[in-house]
Structure formats: structure tokens, C-alpha cells
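# Residue-level structural notes
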Amino acid sequence: MAASTAAGKQRIPKVAKVKNKAPAEVQITAEQLLREAKERELELLPPPPQQKITDEEELNDYKLRKRKTFEDNIRKNRTVISNWIKYAQWEESLKEIQRARSIYERALDVDYRNITLWLKYAEMEMKNRQVNHARNIWDRAITTLPRVNQFWYKYTYMEEMLGNVAGARQVFERWMEWRPEEQAWHSYINFELRYKEVDRARTIYERFVLVHPDVKNWIKYARFEEKHGYFAHARKVYERAVEFFGDEHMDEHLYVAFAKFEENQKEFERVRVIYKYALDRISKQEAQELFKNYTIFEKKFGDRRGIEDIIVSKRRFQYEEEVKANPHNYDAWFDYLRLVESDAEAETVREVYERAIANVPPVQEKRHWKRYIYLWINYALYEELEAKDPERTRQVYQASLELIPHKKFTFAKMWLLYAQFEIRQKNLPFARRALGTSIGKCPKNKLFKGYIELELQLREFDRCRKLYEKFLEFGPENCTSWIKFAELETILGDIERARAIYELAISQPRLDMPEVLWKSYIDFEIEQEETERTRNLYRRLLQRTQHVKVWISFAQFELSSGKEGSLAKCRQIYEEANKTMRNCEEKEERLMLLESWRSFEDEFGTASDKERVDKLMPEKVKKRRKVQADDGSDAGWEEYYDYIFPEDAANQPNLKLLAMAKLWKKQQQEKEAGEQDPDGDAAEREAGPS
């Protein structure tokens, strides 16, 4: 083991260490190396000696050796077709056509699918003017491999070059039976056109558009007819193409080509009809080119109206796509209808409205119906104002009211609009019946208000009273209704009835805005100059609430009464209010009362009265308190302002102690400031006597 290790160590060659790593003095570049090699011509071998054959025996010997080489190569690998072709071409070069033919035939036995082999074979026959042999080979090729277009092209070209037009046509016909690609058909058509056989070319086109029914092929057929002056035939081709593709497989390129053809024939009305027909049936995404060409056409040959029509048509297409994508997109319907109303006949507008209102919201929730109901409103307004058809308007309103699920929700707007429409048509019983039905089916504040307003305009006050009674039975907590009812009675001069209504209103257990109702009642009594009744009302209100605004309003009422002792009564109310509000936690309200009292004393009181109120004014102090977050955790401290009233301070001795502590702290701060600035104090002392 040790010996083998030692032997292994000996085998490892030592790497020579380069001591001097500095660059050589003379540097050799790659360019120099290449130039030297070129000069010396190291890679070139001398050409082989040229062999000259002088007699027939030597030639036969050469042929034998060469054939033996070719045969050996073929024997080694029969599938390499290039060996066969080289062999045949060598024989051809020796004018041994029969031998070359034999080699090609042997090669075809090996691989008859090789296209190059057939082509070389046929080319050899054509080169040597063996026409019948060439025909035979092409015939075999197209029979064996009918899908190889190259054979057909070469065969027809050969026949045409030989002047055998009938033979070339026969080959083309055989080819067309295989339904080849489009280029083959075009080659056949061009062949016929070269010999001015237009009718034959037309027949080929007829077969071609059925085998390859693409739009571009129909267009080519029509352009062929147009090119040769058969305009009626061209128009018929376009019409057949439109009919052939129908509405399901419409293509804008067909209509653009058709329109351009008619434009060339100066048939501008036909062009316009074609564009409009296509735009009505092709989706917007697929009709960009169509719109572009239509716009260009109208700019060239149309008037302003025509250009506007195409813009409207384009926008209509856009809206159609939007409402198809989402039929419940009511905003898109509104835009679409606005467009149609501005530039369409009544029947078209009605059709779009009918399509729009057919998209009823799937859920019976009012928020989903809010946009939808405006479709019905706009429809009814259109029929009334634009179409001038009252009967259809009535039908629209009635259909919409039947559709709304009134048990779940209703739209007061629809009922009121219908009633107003019937009034405009001088059908007052119909309007009353509609509003009565609405209140019976689905009573709402808005419906009652609308009905009452209608009867007020008609000066039917007894009906108004009945409606107000029904309204207050439906919503007794509605203060506005009570106030309006009382105001009606006041206007009619029935003061006792109005007062009774107010009394009934304030006795209700639940009201939505009681302060408004009480204020209205008080204002009513003030207007009637019932001072004692007003005073009693204030007292009754103060039994229910001790709000500062009520006290201030009461005091101002006494002041404005203008009777003897009004100032004393006003001052007495302020004193009473101040005593009552001592226990009130809302110190800002108490401060508001005192400020109102002070402004009163400033205007009407004596100096002693003013001084008395000033002594009652509170002191504003800054305090801190803990703040808690929503989850109950401690959120730190916050500062706030509090008011300390003198009357409260007398009852709380600790407030006096707090004031003394603040005074002591202030004195300490002044003392410290004086010690820190003795020079300044000295300067002040020196400056003082002078």
C-alpha cells in the first residue's frame, strides 16, 4: 500500500514555476500569426493532376470504374436519394438517357414519396425534349402524390409552354377536383384570363367561392366582375355574399367593399343604406373600420344631417353593447333613451322604452328600484310632452303603479305625478281616485301632503280637514302635520278649533319634534295677544323641560309684553331660572342664562343690579381628567375647561383651599424669577427713584 502510494506520488508531474512574470519585449498578435500562415501557404495542397482520356477503351474503363463507385455507394445506403440523383445526373451528362431513366425508376422503387426525385426525373425528360415521357412522369407524380402542389404547377406550366391550352385546362380541372388551396384556384383563373376566357373564369370563381367561402374570396370575385365592366354582375355577387353569410357570420370588410363599389358607381343612397344596414347588425367592436369608412363617406358626399346621423348611429351602437352586456344598467338605458329621443321617430323611442322597462329589478327592495322607476317617469313624460298622446301616458302611469309592489314599498312620486297629469287633462275625479287609492294602499307622509296641497289649491277646505284627520290618525307623532292643520284653521279664522288642535297635539304621548310644536303654539297665542294663555303655556312647558332656551324665551316674552311691571317680571324669571338651574349638570347652559341676564341688566338694570349679576358669573378654570379608550383601557389624560360658580364655591370649602394653593404657587414662581435676575432688579431699583 505504501509502495503504490509512493509510485502514485512519483507519477504526478511537477508544475514549472514561472519566476519572471513580466511581459516579453516583443509582443506577437493573432493578426501577425494569420498573416505569416497566409504568406507561407502551409494549409494548401497541390491540385490533383488533370486526367485526359484519349481513346474509347480508356473511356469505357473510366465509365466502368465510375459506375462501380456509384453502385457501391447505393449498395451501402439505398435510402440516401442524393446518391441516386448524382448517379442519374452523371449518366445524363454522358447522354446515357436510357440508363439515367433506369436509375430514376430504381430510385422511385426505393422512395416514391420523395418530391425532389420526381422533379429531377421530369426536368431531365423536359431538358432532353422528351415531352411524352415528361407527361407520363407528371401524370404518375400527380396520381401518386396529388396533394403536392408543385407537381401540378410544373405540369400545367409545361403544357402551357408547349401551347397545349386544352391539355393544361384538363390538368387544372383534375387538380380542382382535389379542392386545393386558394392559390391554385387563382392560378387557374389567371390561366383562363391570359387567354381572354372571362366566362370560364367566372365559372371557376363560382366554384371557388363555394369551396373556399371566405369573405375575401367573394370580394375578389366581385372585383373581378367590376374590373371587366360587368357592374350588374358585381352587384349581384355582393348581394349573394350578404345573403350567403346572413346575420350570424357578418363581416364588416364585405360591407365596406360593397359600399365602396356602389360609391364608385355614384350610387350614394345605396351606399348609405348598406352602411346603415351593416351598422344595425354588427357589434361595435367588430365594426370600427365600418364606422371609419362611413364617416369618411358622409364627409365627402353627405350633408351635415348625414354626418350627425352617423355620429348618433355610432353612439347608439355603443349603448346597445352596454345594455346587452348588463340589461340592469339603468344609467346606460337613460343615456341611450336621451340619444334616441333627440333623433328618432316616436315608434323607435317607444320600442327602446319598452325594452328598458322590461328589465324589472330582480329583488323587491326599494334601493334597487330607485333608478328603475325613473324609466317609467321619463316614458310617461315623453308620451305626454313629446308624443302628445294622453291615452298612452295614462296607460304608462297605470302600468307602472300596477307593477310596484305596494305591500313592501311604494313611490309617492309616481302617484303624485299621475294625479297631476290627470289634473292637467281636467280629470279631477281620476286624480282624486288615484290619490285616495294610494292613501288606502300605502299611506305615506308625502302622499298626504301632496293630496292636501292639491285640495288647498282647489280651495276644498272641508276635504283638507278630512285629509288632515286621516293624516294624523296615520302619524300622530308628526308635529309638522299638527302645525299645518292648526295654521289652516287659523287662516280660515277658526281660532278655537286651531287652539283645540294644538292642545290635542301637545297631549300626544310621542312626538318627533315637540320643541317646534310648543314654539308654534306659543307663537300662535302671542299672535292672538293672549298674554295670560302664553304665560300659562310657558309654565306648562317648564314643568316638562328645564331647558335654558325655554327660560330665556319666557323672560324675553315678559320683557316684550310691554305691560307695567314687565321688567320686574323678567328679572324674577331670570332669578327663578338661576335657582332652578343650580342643580343642573350642564354648566354651559347655566352660563348662557347668566350672560342673557347680564345683557338684560346692561340695557335695563341699575348699577347694583349689574353688580349683583356680575357676582354670579363663574370663573373659568383648566382641569385634567383621565380618558378611556373604547375597549376600557387607559388612553392618557386630556385637558378641559370647567366653570366654578361663586354660589357653588361657598358650599365647597376645598375650592377655597385650591385657590390659596394656586396663589402660593404663583408667588413662588415670581420669587424664583427675581433670584435668577438680580442685575435686572438692581437696575430697576436704580432707575426707580429717578
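The name recorded for the chain in an unreviewed UniProt entry is Crooked neck pre-mRNA splicing factor 1, from Ovis aries.

With that settled, consider the overall build of the chain. Counting secondary structure elements, the chain contains 37 helices and two strands. Taken as a whole, the chain presents about 43700 Å² of accessible surface, with 50% of it coming from carbon and sulfur.

To continue, consider a negative patch on the surface. Taken together, Asp55, Glu56, Glu57 and Glu58 make up a surface patch of like negative charges. If you trace the backbone, Asp55 turns up in the loop between helix H2 (30–40) and helix H3 (56–76).

Here the focus is a nonpolar patch on the surface. Together, Val26, Ile28 and Leu33 line one region of the surface with nonpolar side chains, adding up to about 340 Å² of accessible area. Looking at the secondary structure, you find Ile28 in the loop between helix H1 (2–11) and H2. Judged by its relative accessible area of 63%, Ile28 falls in the exposed class.

Here the focus is the packing of aromatic side chains. Applying the stated criterion to the full structure yields 21 aromatic pairs. Relative to Trp90, the ring of Tyr62 lies with its centre 6.4 Å away and its plane at 65 degrees, an arrangement referred to as edge-to-face. Of this pair, Tyr62 sits in helix H3 while Trp90 sits in helix H4 (residues 81–93), and the two are 28 residues apart along the sequence. Among the residues examined, Trp90 registers a relative accessible area of 11% and is labelled buried. Ring centres of Trp218 and Phe244 lie 5.4 Å apart, and the angle between their planes is 40 degrees; this geometry places the pair in the tilted category. With Trp218 in helix H12 (residues 215–227) and Phe244 in helix H13 (residues 231–245), this residue pair connects regions lying 26 residues apart in the sequence. You can call Trp218 buried: its relative accessible area is 2%. An aromatic cluster is defined as three or more aromatic residues linked by ring pairs; in this entry it consists of Trp152, Tyr153, Phe172, Trp175, Tyr188, Phe191 and Tyr195.

Turning next to helix H10 (residues 182–194). An ideal rise of 1.5 Å per residue puts 18 Å on 13 residues; H10 measures up with 18 Å between its terminal C-alpha atoms. Residues of H10 that are buried: Glu182, Ala184, Trp185, His186, Ser187, Tyr188, Ile189, Phe191 and Glu192. Looking one or two residues past H10, Lys196 carries a phi angle of roughly 60 degrees, positive in sign.

Moving on: the nonpolar core. With 75 residues, the main nonpolar core has Phe151, Tyr238, Leu254, Tyr255 and Leu290 as its most contacted residues. Looking at this core, the element that brings in the most residues is helix H14 (residues 252–264), giving seven residues. When residues no more than four places from it in sequence are discounted, the contact partners of Phe151 are Ile115, Trp118, Leu119, Trp138, Ala141, Ile142 and Leu145. Listed in part, the 31 residues of the second largest apolar core include Trp333, Ile373, Leu375 and Tyr397.

So, about the side chain of Asn114. Tracing the sequence through the fold places Asn114 in the loop between helix H5 (97–110) and helix H6 (115–127). A polar side-chain atom of Asn114 sits 3.1 Å from the main-chain amide nitrogen of Thr116. Only 3.1 Å separates the side chain of Asn114 from the backbone nitrogen of Leu117, close enough to count as a polar contact.

The topology assignment puts Glu123 in helix H6. Taking the C-alpha atoms as reference, Glu123 lies 9.6 Å from Lys154; in sequence the two are 31 residues apart.

A few words now on the side chain of Arg67. In this structure, Arg67 sits in helix H3. With residues near it in sequence (within four places) discarded, Arg67 still touches Tyr87, Trp90, Glu91, Glu96 and Arg99.

With their axes 8 Å apart at the nearest point, H10 and helix H11 (residues 198–211) run at an angle of 170 degrees to one another. In terms of their interaxial angle, H10 and H11 are classed as roughly antiparallel. Between H10, through Glu182, Trp185, His186, Tyr188, Ile189, Glu192 and Leu193, and H11, the contact on the second element is made entirely by Val198, Arg200, Ala201, Ile204, Tyr205, Arg207, Phe208 and Val211. Considering only residue class, the contact of H10 with H11 consists of 10 nonpolar, one polar and four charged.

Turning our eyes to something else, we now look at unusual backbone geometry. Positioned with a positive phi, Arg129 is a non-glycine residue whose angle comes to about 60 degrees. Residue Arg129 is classed as exposed on the basis of its relative accessible area of 74%. One non-glycine residue, Lys196, lies in positive phi territory at about 60 degrees. Considering the arrangement of structural elements, one finds Lys196 in the loop between H10 and H11. By relative accessible area, Lys196 is classed as exposed at 69%.

Right, let's get into the environment of Ile142. Relative to the helices and strands, Ile142 is located in helix H7 (residues 131–144). Exposure remark for Ile142: the relative accessible area of 2% places this residue in the buried category. C-alpha separation for the pair Ile142 and Arg174, spaced 32 residues apart in sequence, amounts to 9.5 Å. Ignoring any residue separated from it by four or fewer positions in sequence, one finds Ile142 in contact with Phe151, Trp152, Tyr155 and Arg174.

A word on the pattern of salt bridges. Here the structure, examined in full by the defined rule, presents 26 salt bridges. Between Lys216 and Glu182 there is a salt bridge, with its nearest N and O atoms 3.5 Å apart. One end of the pair, Lys216, is in helix H12; the other, Glu182, is in helix H10, with 34 residues separating them in the sequence. For Lys216, a relative accessible area of 45% gives the class partly exposed. A relative accessible area of 17% means that Glu182 is categorised as buried. Between Arg270 and Glu262 there is a salt bridge, and its shortest N-O distance comes to 3.1 Å. Connected via shared salt-bridge partners are Arg235, Glu239, Glu262 and Arg270.

About the cut-offs
- Residue indices begin from 1 for each chain and proceed along its sequence in written order.
- For a predicted model such as this one, the threshold for reporting local features is a pLDDT of at least 70, and the threshold for listing and counting side-chain atom pairs is 80 or more; totals across whole chains, interfaces and linings nevertheless cover every residue.
- Side-chain measures here rest on the full set of heavy atoms in the structure, leaving out hydrogens and waters.
- Each helix corresponds to a stretch of at least 4 residues labelled H or I by DSSP, and each strand to a stretch of at least 2 residues labelled E; elements are numbered beginning at the N terminus.
- Accessible areas in this description were obtained via Shrake-Rupley with a 1.4 Å probe; residue shielding takes into account the shown protein chains only.
- Nonpolar side chains (Val, Leu, Ile, Met, Phe, Trp, Tyr) are joined into patches within 5 Å and like charges within 9 Å, using only residues with over 30% relative accessible area and no salt bridge.
- Counted as salt bridges are all cases of a side-chain nitrogen of Lys or Arg within 4 Å of a carboxyl oxygen of Asp or Glu.
- Charge counting follows a simple rule: Lys and Arg are positive, Asp and Glu are negative, and His as well as the terminal groups are ignored.
- For charged residues, the charge sits on one atom: NZ in Lys, CZ in Arg, CG in Asp, CD in Glu.
- Buried residues are those whose accessible area, probed at 1.4 Å on protein chains only, stays under 20% of the maximum for their type, while exposed residues exceed 50% and partly exposed ones sit between those limits.
- Working definition: rings of Phe, Tyr and Trp (its six-membered ring) pair if their centres are within 6.5 Å, and the pair is stacked with planes under 30 degrees apart, edge-to-face with planes over 60 apart, and tilted otherwise.
- What a helix is expected to span follows from its residue count: subtract one and scale by 1.5 Å.
- Here, nonpolar core refers to any group of buried Ala, Val, Leu, Ile, Met, Phe, Trp, Tyr and Cys residues whose side-chain atoms link them within 4.5 Å.
- Note on contacts: a residue pair qualifies if any of its non-hydrogen atoms lie within 4.5 Å across the two residues.
- For this analysis, a polar contact is any N or O atom pair within 3.5 Å, provided that within protein one partner can donate a hydrogen and the other can accept it, and provided that sequence-adjacent residues contribute only side-chain to side-chain pairs.
- Whenever a helix is involved, its axis is fitted only over the stretch in contact; in every case the axis is a line through C-alpha atoms, and angles between N-to-C directions fall within 0 to 180 degrees.
- These descriptions rest on fixed angle ranges, namely under 35 degrees for roughly parallel, over 145 for roughly antiparallel, 65 to 115 for roughly perpendicular, and the rest for oblique.
- Ten residue types, Ala, Val, Leu, Ile, Met, Phe, Trp, Tyr, Cys and Pro, are classed as nonpolar, four, Asp, Glu, Lys and Arg, as charged, and the remainder, Gly among them, as polar.

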